[in-house]
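Residue-level structural notes
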Amino acid sequence: MAIAMERGEVAAAAAPAAADILAMPSDLSFKSLKPLELREEDFLPSTPVGVVYGTLDNGMCYYVRQNAKPRARAALALGVRIGSVMEEEEERGVAHILEHLAFSATTKYTNHDIVKFLESIGAEFGACQNAMTSADETIYELLVPVDKPELLSQAISVLAEFSAGIRASQEDLEKERGAVMEEYRGDRNALGRMQEAHWLLLMQGSKYADRLPIGLENIIRNVSAETVRNFYRKWYHPKHMAFVAVGDFEDTESVVELIKLHFQEKDPVVEKRAYNELPLYHVPSHEEPRFSCFAETEAGGSAVVVSWKIPSRQIVTVADYRYTVAEGMFHSALNQRFFKLSRQQEPPFFSCASVDDNLVRPVKAYTITASCKEKGTLEAVESILTEVARIRLHGFSERELAMVRAFLTADMESAYLERDQMQSTSYREEYMEHFLHNEPVVGIEYEARLQKAVLPGITATEVADIANLLKARLSCIIKTIEPRVSVTVKDLKNVIAKVQALEDEGSIPPWNEEDVPEEVVENKPEPGVILETTVYEEFGATELVLSNGLRVCYKPTDFLDDQIVFSGFAYGGLSQVPEKDFLTCSMGSTIAGEIGVFGHKPSVLMDILAGKRAEVGTKIGAYMRSFSGDCSPTDLEIALQLIYQLFVTSVHPGNDEVKLVMQMTKEGIEAQERDPFTAYVNRVREINYGNSYYFKPITVKDLRKVDPLRACAFFDSCFKDPSAFTIAIVGKIIPEKVVPLILQYLGGIPSPSEPVMKYNRDDLQGLPFTFPAGIIREEVRRSMVEAQGSVQITFPVELKASNMMEEVHFTSFISKLLETKMMQVLRFKHGQIYTASVSAFLGGSKPSRSSDVCGDIAISFSCDPDSAWKLVEFSLEEVARLQLEGPTKQEVLTVLEIEQRAHENGQQENIYWLDRLSRAYQSRLYVGDLNTSFQAQDQWRDSVRSSLDEVAMQKALCRILPVPCAQRHTAVALVPRPSRMKAIAGLLNTTTVSRKLVIAAAGAGMCVFMLWRLRQRRVSS
C-alpha cells in the first residue's frame, strides 16, 4: 500500500509520472486526455514539476522557469516566511515597516535609488504593486524587462539586497514613517474597521488576534531603527526565504548562476545571523458561537458575515486533492442557490457568496457574506443558516452538481488549452504558494488528468457532507454590520435556535428548482448575408458589412488559445435625452439588467450557461452605448446568441422586480450618503463641472421620480437598430467557422421598420458643463469615526482640434510625468503620502470630428487632514517649477520607457488589439477606410515619442495646463468635521472679550433649549 511507504519514497515514485506527462504531445486535445489511474492513498508529486528547483548552500530555495508570456519580461519574487505574527509587543508593525524600508535604502542603494531604477526600466513602482506583508509572510515582487542582459542581473541584485542588505537607519525610518502612517490611516476607514473587528473574533485567544500587519500607530510613529534592525537580523535568514524567477530567458542555467552570484554575496552577513526556527502559533477552536453586532456609521450598507474556522489541510495525497475539489463544488453549488434567493420576490439579501478563505498557517475559514436591506440582517442570517441546514437534510440535486462539474471542467479545459500561454506572474504565484504553504505544483497536464479521474466520482453525498462543518457549535462566528444596530446577540442566538429546531424536526423542505430552457435562443434566426468585405492585410483584420447594416471587423490572433474578446458600439447616449428624462433613462441599465436583457431572468440564464464560458455586458454612456464581453472559441456561438437576444428582447418590468431594484438602489444611495469619501467625490464633480445635471449624484428623492417603464423602454431602444452598430472581434478565430455564426446571429438581428437612435457623431448634443474660471478651494467637512484626509487638485484642459490626437498623447505623457514627480516630492522628499495618482478626463466633449476637446487633469492623494493644504502648495509649486524649468532628461526618458514597456506588453494581448480596432473606428480620421485611421494611431504616437525631450515636455506642460497653474485650478480637501465639544473648546480658546461673548451666547442658547423642553413636557402631559 502506498500509504504505508515513507513519504520520500512515494514522492520519488510519483514524480516521474508527472514528468512523463509533460512529455506528451503538445497538440493533445483536452477531450482526448485520459484520466490518471491512481489510488486515493497515493501521494502527489512533492517536487515541483516543470521548474528548475533547488537550494543554495546558505539554505535559500530557488525556482527558475523559462516562459515567454510576456515576451522579454521576467517575473521575480523574494518570499520570506516572516510576517507580523513574529513580532513582539513592542514590534507591532515592524514587519511591514521593514518592507517599506527595503525600497528606501540598502547597503548598495540609497535615497530610493531602487524606485528610480525600476521606473527607469519601465517597471512602475506603486502601492501594493511591489510588496506585501501578511501575518505569516512577506513577499517582494518585480516585473522587469530582460531585453538587455544587465537588467536581469540588476533586478536580482535588488532582491538580494532585500534578503540581507536593508539598511534601516534612523534617517531612513524617519523618511518612511509618514508613508506608513498614511497607509495605516487608509486602513482605518469603515471597511478596515469592519475587517479588523471580524479578524479579532476569528483569532481570539491566539497571538494572531493582536498582530494585524499594519501594526499600531504609536509604534509606527516611535519605533527605533535598532528595534527594526533587530527584527530583521533575527528573522530574515536564507532558510526562511525562496527566490522565484520566471521569464523569457535564453536558458535557466545562467539565471541560476546569477541567483548564486548575488545571494551568496550576502553570505558573510548571513553567517553572523543565528538561525531561529519558526514557531507555529495555535488558533483555538470553540464550541460556543461568537457574535458581534457591529455599528458602523460609515458602512456602505447593512451586511452579514458568518464564518466557520477549519484546520488547514495540506494537499499531499489524491484523497486530499479530491476533498479540495469537493469543497469547491460545495461553495459553487451553494452560491448558485444564494444567487437565486437574491432574485426572488422579497429576497432575504441583495447578494450573498460563500468562499473558502485561507486565513493563517494553522487555520482557514468557510465564510458566507451577504449584503441586505437596512434592518434586514436578522433575516439574512436566518436565510444563510437555513440554506446550510437544508443541504444537511436534503443535499444537492444531481442537476445542481452536474452544473458545478460543467463549470469546473470548463475552467480546467481553458487552463489546459492555454498551458503554453500562461503569464509568468501566474507561475510566480504558483511557485511561491509551494514554498510558503506547501501547495503541490504538478503541472497543468497532470492536474487535468487528475481532475478527470476524480471529478466524475465525487457524489452528491460527499459534497453535502461538507455542510456538517458549518454548524453553530463548530467554531462559528456571526457578525452583523449596520449603520445603526437593530439586532442583539440574543436575537442572533434565537435565530440559531429556531433554525436548529426546524432542522431537528425535518421541517425545512427540499430546494425548489426552476425550469430551465436548454438553449439561449430557442428559434434560430434566418441568417443575414454579406454585402461588402474588406481585408486589411496591414494589421490582419477583415471587415464585413451585413445585410442589416451591421459592420463587423474580426482579427485572428494566437495570443491565447481559449479566448475571444469583442465589443460593439453605436453613437448616441444619455446626452440626447432631455434633462427632465435624464434620471429615468440613466437608470435604464440598472433596472433592465436586474430583470434580464438577454431574454431570460439572470437566475435562469446562469443555469443555461453552466459550463459555458461566455459573458456579455452593456453600458450606456454620454455619447455612446456599447456592449462587450469575452468567450471561449468553443462558446462563441453562445456569446453571439446573447448579443442577438440583447437586440430582440424587450424588457417588461413587473411590480415585484421593480420594487426589488428600487430597494437595492435606495439602500446603495443611502450608504453612499453615509460615506464621507463619496460626499467628497460628489462635491469635486459639482465644482469642476458647473453643477451639471449629468454629473450630479442621484438622491433618494430623485429615485422617487424614476419611471421604470420609461427606463426599460429607453434601454430597449439603445439596442434595437443593428445598422447603428460596429462590432470588433479579436482572438482565436478560425474564419471558416466564425463567419457562418456571425451571419446567423449578428446578421440575423432584424432591422426595425424605422431607424432607432441612429446618430451622426457630429450632430450629437454636448454635455452641459463648464470648468470654473480662476481658483476655487474648498474643504468638505464630514463627521468621521476616524480622521481621514483626501485631496484633489484639478486643472482645466482644452485640446485644439487641429492637432487633437498628438495632444492626447502629450496629455498622457505629462500625466505620467506629474504622477512620478508627485511621488518623488510628496512621498520620497516630504514623507507625507503613501501614493498619488494623476488622471486625465477627456470624455466630456462630444465626439465631433471638428470640435476642440475640453477636460481636466487631476492630482489625487490621501494624507493627514492637518497636512492637506500644505501638500496642495507643494504640489502646485512642483507643477509650476516643471512649467518654468522643465523636467530633466532622465525624467523624460523614464516616462518614455514606462510608456514603451506598457505598449510592448499590450501588443501581446487580445484586449489591446480590440481597443486598437475600436479606437480606429472612433477616430476623427475614420470616414470609411479603417486602414487610414488605424495606421494614424501609430503615426501620432511615433511623432510624439520622437519629438519628446525636455523642451517639448516643458512646452506641453505650458500648452495643455493653465500658466501659471496656481492661477486656475480647483483644490478640494476632505477633512473631518470637528465635534461640537471641540468646536466649543476652540471658541473658548480665544481672547477674554470674545470668550465672554461666546459664554453668553451659549448660556442664552441653553435657556432657550430648557424652555423648549419644558414646553414639550407640558404638551405631552
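Residues numbered from 1 in each chain as written. Predicted model: local features only at pLDDT ≥ 70, side-chain atom pairs only at ≥ 80, totals over all residues. Heavy atoms only, no water.

Points about the overall build of the chain
Within the chain, the regular secondary structure consists of 34 helices and 23 strands. Across its three principal axes, the chain shows a C-alpha extent of roughly 90 × 80 × 80 Å. Looking at the chain residue by residue over its 1021 residues, the buried ones come to 55%. Side chains of the chain give 111 positive and 139 negative charges; the mean places of these two sets differ by 7 Å. (Helix = DSSP H or I, 4+ residues; strand = E, 2+ residues; numbered from the N terminus. Buried < 20%, exposed > 50% of the residue type's maximum accessible area, 1.4 Å probe, protein only. Lys, Arg positive; Asp, Glu negative; His and termini not counted. Charge placed at Lys NZ, Arg CZ, Asp CG, Glu CD.)

Some remarks on empty space enclosed by the protein
Evaluated as defined, the whole model comprises four cavities of 30 Å³ or more. The space that makes up the largest cavity amounts to roughly 130 Å³. Around the largest cavity, the lining residues are Trp 308, Leu 385, Val 388, Arg 392, Leu 470, Lys 471, Ala 472, Cys 476, Ile 496, Val 499, Gln 500 and Glu 503. Take the lining of the largest cavity: its biggest share by element is four residues, from helix 17 (residues 489-505). When the residues that make up the lining of the largest cavity are grouped by side-chain class, the tally is eight nonpolar, one polar and three charged. (1 Å grid on protein atoms, 1.4 Å probe; cavity = no way out; pocket = protein on both sides within 12 Å on 5 of 7 lines; lining within 4 Å. Points joined across faces, edges and corners; volume = space filled by probe spheres on them. Nonpolar A, V, L, I, M, F, W, Y, C, P; charged D, E, K, R; others polar.)

Remarks on the confidence of the model for the chain
Confidence in the prediction for the chain averages 91 pLDDT; 93% of positions are at 70 or higher. Between residues 1-16, whose pLDDT stays under 50, and residues either more than four places distant or in other chains, the model counts 19 contacts. In this model residues 990-1021 is a low-confidence stretch, pLDDT under 50, and it forms five contacts with partners more than four residues away in sequence or in other chains. (pLDDT = per-residue confidence, 0-100. Contact = heavy atoms within 4.5 Å.)

Focus: the environment of Ala 614
Following the sequence through the fold, Ala 614 ends up in strand 16 (residues 614-620). According to the relative accessible area criterion, Ala 614 is buried, its value standing at 8%. Along the sequence, Ala 614 and His 240 sit 374 residues apart, while their C-alpha atoms lie 43 Å from each other. Leave out the neighbours within four places in its chain, and Ala 614 touches Leu 609, Asp 630, Cys 631, Asp 635, Ile 638, Ala 639 and Leu 642.

Side note on helix 9 (residues 252-264)
Compared with the 18 Å implied by 1.5 Å per residue over 13 residues, the 18 Å span of helix 9 between its first and last C-alpha is a close match. For helix 9, every residue scored as buried is listed here: Thr 252, Val 255, Val 256, Leu 258, Ile 259, His 262 and Phe 263. Along the long axis of helix 9, the arc covered by the buried residues comes to 155°, so they all point the same way. If you follow the buried residues of helix 9, they end up packed against strand 1 (52-55), strand 2 (61-66), strand 3 (73-80), helix 4 (149-164), strand 6 (241-247) and helix 10 (267-270). You can read the cap of helix 9 off the contacts: a side-chain oxygen lies 3.1 Å from the backbone nitrogen of Glu 253, and it is on Asp 251. (Expected span 1.5 Å × (residues − 1). Arc of directions from axis to C-beta. Polar contact = N/O pair within 3.5 Å; in protein donor to acceptor, adjacent residues only side chain to side chain.)

Comments concerning the sheet that holds strand 17 (residues 624-631)
Strands sit in the order 12-13-14-18-15-17-16 across an open sheet of seven strands; the sheet is mixed. Two strands close off the open sheet at either side, each with one partner strand: strand 12 (530-536) and strand 16. Across the sheet, the axes of successive neighbouring strands diverge by a mean angle of 15°, strand direction being ignored. In this structure, strand 16 lies alongside strand 17, joined through seven bridges in antiparallel fashion. (Pairing = 2+ DSSP bridges. Axes fitted to C-alpha atoms, helices over the stretch in contact; angles between N-to-C directions.)

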